[in-house]
Amino acid sequence: MNPPEWTDEYKEIVGCVANALGSDGCTIVPDFFLSGCQEHDIHYRSHCWLDGTEITKDEADLTFKRRIQAMSFFGRWSPLAYWRYCAVQWFGGRSWEHTQEELDTARSLVKAALG
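Residues numbered from 1 in each chain as written. Predicted model: local features only at pLDDT ≥ 70, side-chain atom pairs only at ≥ 80, totals over all residues. Heavy atoms only, no water.

Would you explain unusual backbone geometry in this entry?
For residues that are not glycine, phi is negative in most cases, and the peptide bond is trans in most cases. For Ile 28, which is not glycine, the phi dihedral falls at a positive 70°. Within the secondary structure, Ile 28 sits in the loop between α1 (8–21) and α2 (34–46). Assessed through its relative accessible area of 84%, Ile 28 is described here as exposed. Even without a glycine there, the phi angle at Phe 33 is positive, about 60°. The residue Phe 33 is located in the loop between α1 and α2 in this model. Taking relative accessible area as the criterion, Phe 33 reaches 21% and is therefore assigned partly exposed. (Helix = DSSP H or I, 4+ residues; strand = E, 2+ residues; numbered from the N terminus. Buried < 20%, exposed > 50% of the residue type's maximum accessible area, 1.4 Å probe, protein only.)

Teacher, can you tell me more about the packing of α1 against helix α6 (residues 100–114) here?
Two packed helices can be described by the angle between their axes and the distance between those axes. Interhelical geometry of α1 versus α6 gives an angle of 135° and a closest axis separation of 9 Å. When the axes of α1 and α6 are compared, the pair comes out oblique. The way α1 lies across α6 gives a crossing that is right-handed. Along its contact with α1, which presents Ile 13, Cys 16, Val 17, Ala 20 and Leu 21, the element α6 presents Ala 106, Leu 109, Val 110, Ala 113 and Leu 114. In the contact of α1 with α6, the residues fall into 10 nonpolar, no polar and no charged. (Axes fitted to C-alpha atoms, helices over the stretch in contact; angles between N-to-C directions. Parallel < 35°, antiparallel > 145°, perpendicular 65-115°, else oblique. Left-handed = near helix turned anticlockwise from the far one by under 90°. Contact = heavy atoms within 4.5 Å. Nonpolar A, V, L, I, M, F, W, Y, C, P; charged D, E, K, R; others polar.)

Could you clarify how one ought to interpret α2 in this entry?
Helical geometry note: an α-helix holds 3.6 residues per turn, so side chains three or four residues apart project in the same direction. Here α2 spans 18 Å end to end across 13 residues, near enough to the 18 Å set by a 1.5 Å rise per residue. Burial within α2 is extensive, with 11 of its 13 residues counted as buried. Looking at the buried residues of α2, the elements they touch are α1, α3 (57–71), α4 (79–91), α5 (93–96) and α6. Note on α2: the residue one or two positions beyond its end, His 47, has a positive phi of about 60°. (Expected span 1.5 Å × (residues − 1).)

Can you help me understand the nonpolar core in this one?
A general tendency of soluble globular proteins is for nonpolar side chains to be buried together. The biggest cluster of nonpolar side chains holds 11 residues, and these are Cys 26, Cys 37, Tyr 44, Trp 49, Ile 55, Ala 60, Phe 64, Ile 68, Ala 81, Val 88 and Trp 96. In terms of residues, this core owes the most to one element, α3, which gives three residues. Non-local contacts of Trp 49, meaning those with residues more than four positions away in its chain, are made with Met 1, Pro 3, Pro 4, Glu 39, His 43, Glu 54, Ile 55 and Thr 63. (Core = buried A, V, L, I, M, F, W, Y, C linked by side-chain atoms within 4.5 Å.)

Just to check I follow, could you spell out the packing of α1 against α2 for this structure?
Close contact between α1 and α2 brings their axes to 9 Å; oriented N to C, the two are set at 50°. Put simply, α1 runs oblique to α2. Seen from above, α1 lies across α2 with left-handed handedness. Within the contact between the two elements, α1 uses Tyr 10, Lys 11, Val 14, Gly 15, Val 17, Ala 18, Asn 19 and Leu 21 and α2 uses Ser 35, Gln 38, Glu 39, Ile 42 and Arg 45. Of the residues contributing to the contact of α1 with α2, the split by class is six nonpolar, four polar and three charged.

See below:
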């Protein structure tokens, strides 16, 4: 697993793609670290990185934790990163499950948003 570099340009692209997918941002919790939540939504809906490479649920969740850590004042010791990581690991299973048709639709939306 080698996630893309977490630059402002990449975060902007994530925001555009997430909007195309109808992302709700940080589900159920405040939108702290919104771009991390949006990227996580993209991964959950498409099971892919933005370049189309497939990603597992564990990779998506670990990347989510690392993105929050990268944006947090506390860095790798961010309590919020660990709390949200545990939440998606324990309770995100149903959100990860999609039919092949749903995955194909999400992947098409990602490609269209990237132009």
